[in-house]
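# Observations on the model geometry
Given next are the chains, with one letter for each unit.
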Amino acid sequence: MNKEQALLRMKEAGVIPVMRGMKSATVIDLLQALYEGGLKAVEITIEGDEGLDSIKVAKEHFKDKLLVGAGTILSGADAQASIDAGADFIVTPIVVEDAITVAKENNCFVAIGAFSPTEIAKAYSLGADIVKVFPANTLGADYLKNVKGPLPQIPLMPTGGIDLNNIQSYFKNGAICVGVGSAIYKFNTAAEITAAAREYVQAFESAKN
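Small disclaimer: the values here were computed from a predicted structure and weren't measured. (Residues numbered from 1 in each chain as written. Predicted model: local features only at pLDDT ≥ 70, side-chain atom pairs only at ≥ 80, totals over all residues. Heavy atoms only, no water.)

### Here's the deal with the nonpolar core
Quick reminder of the rule: The term nonpolar core refers to a set of buried residues drawn from Ala, Val, Leu, Ile, Met, Phe, Trp, Tyr and Cys, joined through side-chain atoms within 4.5 Å. Each residue is assigned to one of three classes by its accessible area relative to the maximum for its type, calculated with a 1.4 Å probe on protein chains only: buried under 20%, partly exposed between the two thresholds, exposed over 50%. Numbering of helices and strands runs from the N terminus, with a helix taken as a DSSP run of H or I at least four residues long and a strand as a DSSP run of E at least two residues long. Any pair of residues with heavy atoms lying within 4.5 Å of one another is described as a contacting pair.
By size, the foremost hydrophobic cluster in this structure holds 63 residues, and its most contacted members are Val 15, Leu 31, Leu 34, Ile 44, Ile 90, Ile 120 and Val 178. Among the elements that line this core, the one with the most residues is helix H9 (residues 190-208), at seven residues. When sequence neighbours within four positions are dropped, the list of residues in contact with Ile 44 reads Met 19, Met 22, Val 27, Leu 31, Gly 51, Ser 54, Ile 55, Ala 58, Val 68, Gly 69, Ala 70 and Gly 71. Judged by nonpolar contacts, the second largest core, of 14 residues, contains Ala 6, Leu 67, Phe 89 and Ile 176.

Given below as C-alpha cells:
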C-alpha cells in the first residue's frame, strides 16, 4: 500500500483510536470489538513492553482489513522497529526528523505531531503526510480553523481530549481524521466497546454530511 492509498484510507477511517498499554495476548479481542463497530484504523503506542508485539500480532490477524499504526515514535530507531513489526503508518507526538527520514526510506505513511503554526508548517515541509495537532484540546476546534486559514494545504489530525461532545466540531473546522483516546475502548465488555465505536463512527459520518 503506497502513501496515497494510506492517506485515502485514513480519511475514510476518520476516527483513529490511540491505544496505550496493549498486551499481545488480548489486543486481538479488543481490536475485533472496535472493528465490528465500524472502525477502520487504530494507533497502538509502542512505549509499553508489548507495543511492538501487539502491532505484529494485529497485522498478522487483520492483514489489510484494518490499518494498524505505531504511536509514540520518538526516534528513527522507533520508526524502523515499528515498520519492521508491520505498522502501516507511524505517529509521533512531536517533530522527529529522524522518524520522517526512516518513513520516507521505507515508503511508510507518517503523521508528525506539532502544535504551533510554525511547527505544523515545518513538519509538513520535512515530509509529514499528515500533521497531528497535539494536544488539540488545549485551544479547541477553532484553533484548527485558524491554522487552516493560511495553511489550507496541510492535512491535520487533531488528537487529545476529543470525545463525542466535540468530535464533530473538529471535522467541521478542517480535520481529515482525529485521534481519540481510551474513552472509545475502556469498557468492561466487547459489546460496550463495539457500541462506543459505532457512536464515534456515526458522529464522523454525520459531520461529513
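There is more to say after this.
### Side note on the packing of aromatic side chains
What counts here: Two rings from Phe, Tyr or Trp (for Trp, the six-membered ring) form a pair when their centres are within 6.5 Å of each other. A pair whose planes differ by under 30 degrees is stacked, one over 60 is edge-to-face, and the rest are tilted. Placement of a positive charge over a ring is assigned whenever Lys NZ or Arg CZ falls within 6 Å of the ring centre and within 35 degrees of the normal to the ring plane.
This structure, assessed with the given rule, holds three aromatic pairs. Between Phe 171 and Phe 204 the ring centres are 4.9 Å apart and the planes differ by 45°, which places this aromatic pair in the tilted class. Of this pair, Phe 171 sits in helix H8 (residues 167-172) while Phe 204 is found in helix H9, placing the two residues 33 residues apart along the sequence. Across the pair, Phe 204 and Phe 171 agree in class, each one buried. The positively charged end of Lys 132 is found above the aromatic ring belonging to Phe 134, 4.9 Å away from the centroid.

### Examining the pattern of salt bridges
Selection rule: Whenever Lys or Arg places a side-chain nitrogen within 4 Å of a carboxyl oxygen from Asp or Glu, that contact is recorded as a salt bridge.
On inspection of all chains with the given rule, the structure shows five salt bridges. Taking the shortest distance from any N to any O, the salt bridge between Lys 122 and Glu 97 comes out at 3.6 Å. Within this pair, whereas Lys 122 is found in helix H6 (residues 117-126), its partner Glu 97 is found in helix H5 (residues 97-105), the two being separated by 25 residues in sequence. On the accessibility criterion, Lys 122 (41% relative accessible area) is partly exposed.

Read these as layout, nothing more, since geometry by itself doesn't imply function.
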